[in-house]
2 protein chains.
Amino acid sequence: MHIELKRGSSTKLYIQIALTLADRIRSGLIEPGTRLPSVRKMTADLGVSLVTVSKAYAELEAIQLITCSQGKGCYVRGAQEMEQTEGMDKNQQAERNHDNNTPWNWQMALVDYLPRAQLWRHFDASPQVQYELHMSAIQPELLPTTEIINSAYRLSSDHPERMAAYGSFQGDRELRQTFAGHFAERGLQVVPERMLITSGTQQGIDLVARTFVGPGDVVYMEAPTYTGAIDVFTSRGAKIITVPMDGEGMRIDLLTRLCDTYPPKLIYTIPTYHNPTGVTMSARRRAQLLNLAQSYHCLILEDDPFADLYFRDSPPASIKSMDATGHVVYIKSFSKVLSPGCRVACAIAEGSVLTRLVAAKSTADLGSPLLTQKALQSFIQHQYSSYIVRLREELYARLQAASDVLEEYRVPGMYWVLPEGGLNLWLQLPDGLDMRELHRQSLAAGVSFLPGSACYVGETDTASLRICFTVTNLKGLCEGLRVLCGVIQKVMPRQGGTTADRLPLI
Amino acid sequence: MHIELKRGSSTKLYIQIALTLADRIRSGLIEPGTRLPSVRKMTADLGVSLVTVSKAYAELEAIQLITCSQGKGCYVRGAQEMEQTEGMDKNQQAERNHDNNTPWNWQMALVDYLPRAQLWRHFDASPQVQYELHMSAIQPELLPTTEIINSAYRLSSDHPERMAAYGSFQGDRELRQTFAGHFAERGLQVVPERMLITSGTQQGIDLVARTFVGPGDVVYMEAPTYTGAIDVFTSRGAKIITVPMDGEGMRIDLLTRLCDTYPPKLIYTIPTYHNPTGVTMSARRRAQLLNLAQSYHCLILEDDPFADLYFRDSPPASIKSMDATGHVVYIKSFSKVLSPGCRVACAIAEGSVLTRLVAAKSTADLGSPLLTQKALQSFIQHQYSSYIVRLREELYARLQAASDVLEEYRVPGMYWVLPEGGLNLWLQLPDGLDMRELHRQSLAAGVSFLPGSACYVGETDTASLRICFTVTNLKGLCEGLRVLCGVIQKVMPRQGGTTADRLPLI
């Protein structure tokens, strides 16, 4: 048996051996009933003295992990012998025993570098959910899927040999050329050489983070913000500082003061129809933010999936369109608006920031699949403009319907601001409302939503939630919201009622 | 202007200001000709005394970075004034000035976490290359691209709504079900729940690394090995230890001895038709390797893109097929064999190793595109078996042709072992041959190859190279190899000749 010993350590060798063995026994790596190597064998294996091993085994026996008897050797005790099993019912016990017996129990001792991702936890499919309002997406029937499939088919069957080759790490040049035209119409002059095609915004954020963000680097984000971005920056060990928002977006005044103390490495923002709040950053604030980045020589990561989805006026120009000095990495997703099944986004950057991102992309996956890139190209070139006009009207109709239902079934203390575009509506609920209970009851009643806590770095237990008003059909949206309002009403803390008096359960 | 000052520092404030400004001027952030803020303005901006700013400016003037004159203020001096320009020709000077003037020059001061990726450097498109033998891939005409496009079209136009939804993080269930049948035929019994679809092998390796490998963790690899895997583990800050190979694959005897001193966190291997050497690990060594992983409680990452491409006998069973304890993460790529344009691979793992990889995938990109997953499903189900038989014959014919040419044009001191499957042929060249010169001349003559040094962690300047015998057509392969042999002949160090006598150029 191998045990790694630190010979120079202040922890005595027999303690090191005992601790390691105890860990392995407790984690199930060494199973109950296993005979430990003899003292003599262990002595030889580890190159230590007989006394050291004997003392280690005595320690393990003292804490009742093993049983030793003269002539028979030392055995790991059974789970039943080790644990107080009182208060544990039969089922729980069976489950525990089952767990201990899985052959990959040893994996529990395998260290990883992954903070538990939040996103993952909130998207478990729940069979009883009839109205799925938790996911920020567009109802499949509204998306031009058939057109995209047809154009992919046309392009790829005309040139099958293209699909048979690895594409460029940076992304298909023709698609980037198409994007150049698309962005130019939106006031963003950019050549294909400055673009990097990524597999959705999520990968774009991840590439920026793995390239430029490391342990202790300061990253600013809006509070609340996109759950998936929190996961990424957390996984890089960043020091995340969140900045409150008001009706004009991120509070740049607060950000500036914070930057004096904690100079930023990167500022992540969703300036337009922000996820989850729906707020749009004013043109003035955008200019201030860019200015700040320039004086601190830090990057802005501008995540812009919704800019085309305005309901009346188009939003202020992107921060990127004002950026003459390469401080902004701009990511435009086409996943949500066109095809979640294709997962295509475009990142724009300059200078060495771009080349470093391309290198990161090559390490991550050698470049995005050509097929999905080709699928979008022709549609964006020829049909996107007319499609998006119809889509906006459709989405706006849903927002108005959602607003009507919410007004009608409004619960006192609940409020919201209607967004001027995008997919998300942020509901503030009365303080003191038990959000966990609301979520549980709402799911049981068939309605899913994203709890506001998922959008905060510290997972503050805020009385807020996000619903997406575009993901179901109009009827489902209205019914779902009615059900949700009913559940909120039910869970509401009543003045002088019983819910407020509950004692905490420890 | 903002300057971050450390008030408690032992460096005086005026020195801090002068140093910061000097940095900004030298890096081009503050351009030549810029007027610095007045002493009074700077005093107010920084909250320091007039004297402090005056002394800082005086310092900058003393080292000739700025010029100050009474009443006019202080200006940053021009590049010509700052530098000794003697010995620099006009072109160089123009280039320098150009560089200094790019608005994103500040980015050079932006720290990143990206070791320079090797892969990236070796795949620059070179217009003069007629015979591209550097890339490990299959000639596009041999791939079933049309069939795949047709089946993607059929599946997706029958169910357009599917393409319009985000898929599962873990990958499309139907595709995983199809893979289960595929693996079962190959002696690997695995349920869909244990699979994770990734965007090619590269992403699979990257996900394993970002989850389980961190700074200082010991990763073992074969030497030589796949360039892209080196990049990934290097980027995680791993301590990479390479293990020599012989005709039976990785030297497990050496590995075992190394593990005593440096316990492994992960062992990366390509056991079948290894990239770049083509060697296959024996069944005995596979069992030993698994045994070793079990006793060290470490992971094996088994990268297996070529197993179906055997020329006569099928290779030994995969290490994964012997793994009852979840020590092996197995990655099977379908990119090379079916469609580089789809970038689909399947990772197999168990227990918490699998769930942690799925969490990492959700952070990396929310799951692979559905379109590319659907594209492969029907082909693998119905046509793969007959396709692969034909493909094997075709590839084997190329290997034989390559062997014939190499025998005919063989240069003394050059040797190789014909692989029993796969795409790669590893050529050993005479020691002392100038590999850089060979590469330069070979590219100039129109033939690309992968220099052996790209496949070593330390980029040892080994006299070896990898060619892919399946990436061009038969004629191109033979012509390319003839040209390459000619260039090798030319660059060969001659006994008593002049090349060996060359003095190093410093």
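Chain A carries the name PLP-dependent aminotransferase family protein in an unreviewed UniProt entry, which gives Paenibacillus illinoisensis as its organism. In its Cofactor (unreviewed entry) section, the UniProt entry covering chain A states "pyridoxal 5'-phosphate". UniProt, in its Sequence similarities (unreviewed entry) section for chain A, records the words "In the C-terminal section; belongs to the class-I pyridoxal-phosphate-dependent aminotransferase family."

(A) How the structure looks around the overall build of chain A. Tallying secondary structure elements over chain A gives 18 helices and 15 strands in all. For chain A, the proportion of its 506 residues judged to be buried stands at 57%. Long-range contacts, defined here as pairs at least 24 residues apart, represent 72% of the contacts in chain A between residues at least 6 apart. Of the roughly 21,300 Å² that chain A leaves accessible, carbon and sulfur atoms contribute 51%.

(B) View of the side chain of Asp112(A). Here Asp112(A) lies in the loop between α5 (90-101) and α6 (118-122). Reaching out from Asp112(A), the side chain makes a polar contact with the side chain of Arg356(B) at a distance of 2.8 Å. Residues in contact with Asp112(A), not counting those within four places in the same chain, are Thr211(B), Phe212(B) and Arg356(B).

(C) Spotlight on the environment of Ala293(A). Residue and element names in this part refer to chain A. Within the secondary structure, Ala293 sits in helix α13 (residues 283-296). Accessibility expressed as a relative area gives 0% for Ala293, which makes it buried. Between the C-alpha atoms of Ala293 and His327, which are 34 residues apart in sequence, the distance is 6.8 Å. The residues touching Ala293, leaving out its near neighbours within four places in the chain, are Cys298, Ile300 and His327.

(D) Summary view of the pattern of salt bridges. Counted according to the given criterion, the structure contains 42 salt bridges over all chains. Across the pair Arg251(B) and Asp253(B) runs a salt bridge whose closest N-O atoms are separated by 3.0 Å. Look at the salt bridges and you will find they share partners, linking Glu185(A), Arg186(A), Asp308(A) and Lys332(A) into a network.

(E) Here's a closer look at the relation of the copies chain A and chain B. With an RMSD of 1.2 Å, chain A superimposes on chain B once it is rotated by 180 degrees and translated 0.7 Å along the axis. Read as a symmetry element, the transformation amounts to a two-fold axis.

(F) View of the environment of Leu207(A). Residue and element names in this part refer to chain A. Examined against the element boundaries, Leu207 turns out to sit in helix α10 (residues 200-212). A relative accessible area of 2% places Leu207 in the buried class. In the structure, Leu207 is positioned 156 residues away from Thr363 in sequence and 9.9 Å away in space, judged by C-alpha atoms.

(G) Structural view of the packing of aromatic side chains. Residue and element names in this part refer to chain A. Taken as a whole, this structure holds 19 aromatic pairs over all chains when the rule is applied. On the basis of an interplanar angle of 70 degrees and a centroid distance of 6.3 Å, the ring pair of Phe334 and Tyr384 is categorised as edge-to-face. Of the two residues, Phe334 is situated in the loop between β10 (328-333) and β11 (345-348) and Tyr384 in helix α16 (residues 384-409); the sequence distance between them amounts to 50 residues. By relative accessible area, which is 1% here, Phe334 ends up buried. You can call Tyr384 buried: its relative accessible area is 2%.

(H) Up close: the state of the cysteines. Residue and element names in this part refer to chain A. Tallied over the entire structure, the rule returns two disulfides over all chains. What pairs with Cys68 in a disulfide is Cys74, and their sulfur atoms sit 2.1 Å apart. Here the disulfide of Cys68 and Cys74 is right-handed, its torsion about the S-S bond being about 110 degrees. According to the relative accessible area criterion, Cys68 is partly exposed, its value standing at 24%.

(I) Representation of the interface of chain A and chain B in the model. Taken together, the contact between chain A and chain B spans 90 residues of the former and 91 residues of the latter. In this assembly, chain A packs against chain B so that about 7,800 Å² is buried in total across both faces, 64% of it on carbon and sulfur atoms. Linking chain A with chain B are four salt bridges. Ionic pairing is found between Arg210(A) and Asp206(B), a salt bridge with its closest N-O pair at 2.6 Å. Between chain A and chain B we count 34 residue pairs in polar contact (both at pLDDT 80 or more) in total.

(J) Spotlight on the nonpolar core. Phe233(A) and Phe233(B) are the most contacted members of the largest nonpolar core, which has 230 residues in total. Every residue in contact with Phe233(B), bar those within four places of it in the chain, is listed here: Ile205(B), Ala209(B), Val213(B), Val219(B), Met221(B), Ala238(B), Ile240(B), Leu266(B), Tyr268(B) and Leu301(B).

(K) Inspection of the sheet that holds strand β14 (residues 450-451) of chain B at higher detail. Residue and element names in this part refer to chain B. The strand order across the open sheet built from three strands is β12-β15-β14, with neighbouring strands paired in antiparallel fashion. Here the strands that pair on one side only, and so sit at the sheet edges, are β12 (424-428) and β14. Looking at chain direction, β12 and strand β15 (residues 464-468) are connected through five bridges and run antiparallel. For Asn424, the partnering residue across the bridge sits in β15 and is Cys468.

(L) Region of the structure containing the sheet that holds strand β7 (residues 249-250) of chain B. Residues and elements named next belong to chain B. Spatially, β4-β11-β10-β9-β8-β5-β6-β7 is the arrangement adopted by the eight strands of the open sheet, whose pairing is mixed. The sheet is open, and its two borders are formed by β4 (195-198) and β7, each paired with just one other strand. Sheet topology places strand β5 (residues 218-223) next to strand β6 (residues 239-246); six bridges connect them, and they run parallel. The partner of Val219 across the bridge, within β6, is Ile240. Helix-sheet contacts for helix α9 (residues 173-184) involve β4, β10 (328-333) and β11 (345-348), and the interaxial angle to β4 is about 110 degrees.

(M) Representation of helix α7 (residues 145-158) of chain A. Residue and element names in this part refer to chain A. Here α7 contains 14 residues, and its C-alpha end-to-end distance of 20 Å stays within 8% of the 20 Å for a straight helix at 1.5 Å per residue. Within the sequence span of α7, burial applies to Thr145, Ile148, Ile149, Ser151, Ala152, Leu155 and Ser156. Taken end-on, α7 shows its buried residues confined to a sector of 165 degrees, consistent with a single buried face.

(N) Focus on the pairing of strand β2 (residues 73-76) of chain B. Residues and elements named next belong to chain B. Pairing between strand β1 (residues 66-69) and β2: four bridges, direction antiparallel. Of the residues in β2, the one forming a bridge with Ile66 is Val76. Between β1 and β2, which follow one another and run antiparallel, lie three residues, and Gly71 among them has a positive phi close to 85 degrees.

(O) View of the packing of α16(A) against helix α18 (residues 474-491) of chain A. Residues and elements named next belong to chain A. Running from amino to carboxyl end, α16 crosses α18 at an angle of 25 degrees, the nearest separation of the two axes being 9 Å. Between α16 and α18, the crossing angle belongs to the class labelled roughly parallel. Crossing handedness for the pair α16 and α18: right-handed. Listed contacts from α18 to Ala397, Arg398, Ala401, Ala402, Val405, Leu406 and Tyr409 of α16 are Leu474, Leu477, Cys478, Leu481, Arg482 and Cys485. Here the residues of the contact of α16 with α18 are counted per class, giving eleven nonpolar, no polar and two charged.

Conventions we followed
Residues numbered from 1 in each chain as written. Chains lettered and ligands numbered in written order. Predicted model: local features only at pLDDT ≥ 70, side-chain atom pairs only at ≥ 80, totals over all residues. Heavy atoms only, no water. UniProt positions renumbered as here; feature names shortened; annotations may be inferred. Helix = DSSP H or I, 4+ residues; strand = E, 2+ residues; numbered from the N terminus. Buried < 20%, exposed > 50% of the residue type's maximum accessible area, 1.4 Å probe, protein only. Contact = heavy atoms within 4.5 Å. Areas by Shrake-Rupley, 256 points an atom, 1.4 Å probe, with all protein chains shown as cover. Polar contact = N/O pair within 3.5 Å; in protein donor to acceptor, adjacent residues only side chain to side chain. Salt bridge = Lys/Arg side-chain N within 4 Å of Asp/Glu carboxyl O. Least-squares fit on C-alpha atoms with pLDDT ≥ 70 in both. Phe/Tyr/Trp six-rings, centres within 6.5 Å; stacked < 30°, edge-to-face > 60°. Disulfide = S-S within 2.5 Å. Buried area = accessible area lost by both parts, 1.4 Å probe. Core = buried A, V, L, I, M, F, W, Y, C linked by side-chain atoms within 4.5 Å. Pairing = 2+ DSSP bridges. Axes fitted to C-alpha atoms, helices over the stretch in contact; angles between N-to-C directions. Expected span 1.5 Å × (residues − 1). Arc of directions from axis to C-beta. Parallel < 35°, antiparallel > 145°, perpendicular 65-115°, else oblique. Left-handed = near helix turned anticlockwise from the far one by under 90°. Nonpolar A, V, L, I, M, F, W, Y, C, P; charged D, E, K, R; others polar.

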